Amino acid sequence: MYAATTIRSRIGSLEPKTAIVLGSGLGTLAERVSDPVRIPYGDLDGFPGSGVSGHAAELVAGVMGACPVIMLSGRAHYYEHGDASAMRAPLETLRALGVEKLFLTNAAGSLHPEMPAGSVMQITDHINFSGSNPLFGETSDRRFVGLTSAYDADMRAAMDAAAQQCGHFLHRGVYMWFSGPSFETPAEIRMARTIGADAVGMSTVPEVILARFLGMRVAAASVITNLAAGMSGDELSHQETKDMAPIGGARLADILFKTVQTLV
Ligand code: HPA
């Protein structure tokens, strides 16, 4: 059965227009959904298997505050199989269910000492440094997706206002997508800074491209888990990402909770 059909049969008349992809540290946001319907990705055709420790693999649908939402708790990463389009089926499913606005979250390394671990950064633009694209192989002319205003101005403004109401400082910056799974080198980080990046990470950009391709509006934010390679002298580790993500994650969860109320 198509994933959208499976989901529709379990969520009944719920009509979510908003979806959130939960990256590292954001898992607790799913706990703020009242009367949640939880569907393991394993029940949904085309959805990814559970790939990365620290990430659940389930869809959670329900109402958050006053806003009907779908949350994707866990995502496929390019580094798992070298497939940048791994999130295409889940995002097509959201679109088929009527989702119009997509919030994407991730953990990232910071290029600025004044944006340390625990910070939250709204993504204003991105640099695709992976050499890949989720639309490789797409044949329709729709593949030439414009990304000039990929990050939606109204959704960004709503996030800014929500952050202010929560009393959380929301940094702004450019997210640079590296393929991973190895972390960057100090030389790559110096390059990233030189060419205009503010944070680096291993996800989200393919989802932004796919979501724009599918006609969804997009906003995204990073929780900073570390200063990037070479900035602190410490070796980076996935354990550090998992340990630090809940700190910024709690702030970003507050911000997103408020944001979606204003966009109902
Ligand atoms: N680099 C890439 N991805 C990351 C980092 C980093 O420093 N921290 C968390 N995710």
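First, a word on scope: everything that follows refers to the structure included in this document.

Conventions we followed
- Residues numbered from 1 in each chain as written.
- Predicted model: local features only at pLDDT ≥ 70, side-chain atom pairs only at ≥ 80, totals over all residues.
- Heavy atoms only, no water.
- Core = buried A, V, L, I, M, F, W, Y, C linked by side-chain atoms within 4.5 Å.
- Buried < 20%, exposed > 50% of the residue type's maximum accessible area, 1.4 Å probe, protein only.
- Helix = DSSP H or I, 4+ residues; strand = E, 2+ residues; numbered from the N terminus.
- Contact = heavy atoms within 4.5 Å.
- Phe/Tyr/Trp six-rings, centres within 6.5 Å; stacked < 30°, edge-to-face > 60°.
- Lys NZ or Arg CZ within 6 Å of the ring centre and 35° of its normal.
- Axes fitted to C-alpha atoms, helices over the stretch in contact; angles between N-to-C directions.
- Parallel < 35°, antiparallel > 145°, perpendicular 65-115°, else oblique.
- Left-handed = near helix turned anticlockwise from the far one by under 90°.
- Nonpolar A, V, L, I, M, F, W, Y, C, P; charged D, E, K, R; others polar.

Moving on to the nonpolar core. Grouped together as the largest cluster of nonpolar side chains are 46 residues, with contacts concentrated most on Leu59, Ile70, Leu72 and Leu102. In terms of residue count, helix H6 (residues 205–213) provides more of this core than any other element does, six residues in total. Discounting chain neighbours no more than four positions away, the residues touching Leu59 are Ile7, Val37, Arg38, Ile39, Tyr41, Leu44, Phe47, Ile70, Met71 and Leu72.

All right, on to the packing of aromatic side chains then. Under the definition given, this model contains three aromatic pairs. Seen from their ring centres, Tyr78 and Trp177 are 5.6 Å apart, and the 70 degrees between their planes marks the pair as edge-to-face. Residue Tyr78 is found in helix H2 (residues 78–81), and its partner Trp177 is found in strand S7 (residues 170–177); the two are separated by 99 residues along the sequence. Taken as a pair, Tyr78 and Trp177 share a single burial class, namely buried. Directly above the ring of Phe213 sits Arg142, whose terminal nitrogen or CZ lies 4.4 Å from the centroid.

Following both chains from N to C, one finds helix H4 (residues 153–166) and helix H7 (residues 238–262) inclined at 120 degrees, their axes separated by 8 Å at the closest point. With respect to H7, the axis of H4 lies oblique. Considering how the two elements wind past one another, H4 and H7 form a crossing that is right-handed. In this structure, H4 uses Met155, Ala158, Met159, Ala162, Ala163, Gln165 and Cys166 to contact H7, whose residues at the interface are Leu252, Asp254, Ile255, Leu256, Lys258, Thr259 and Thr262. Tallied by class, the residues present in the contact of H4 with H7 amount to nine nonpolar, three polar and two charged.

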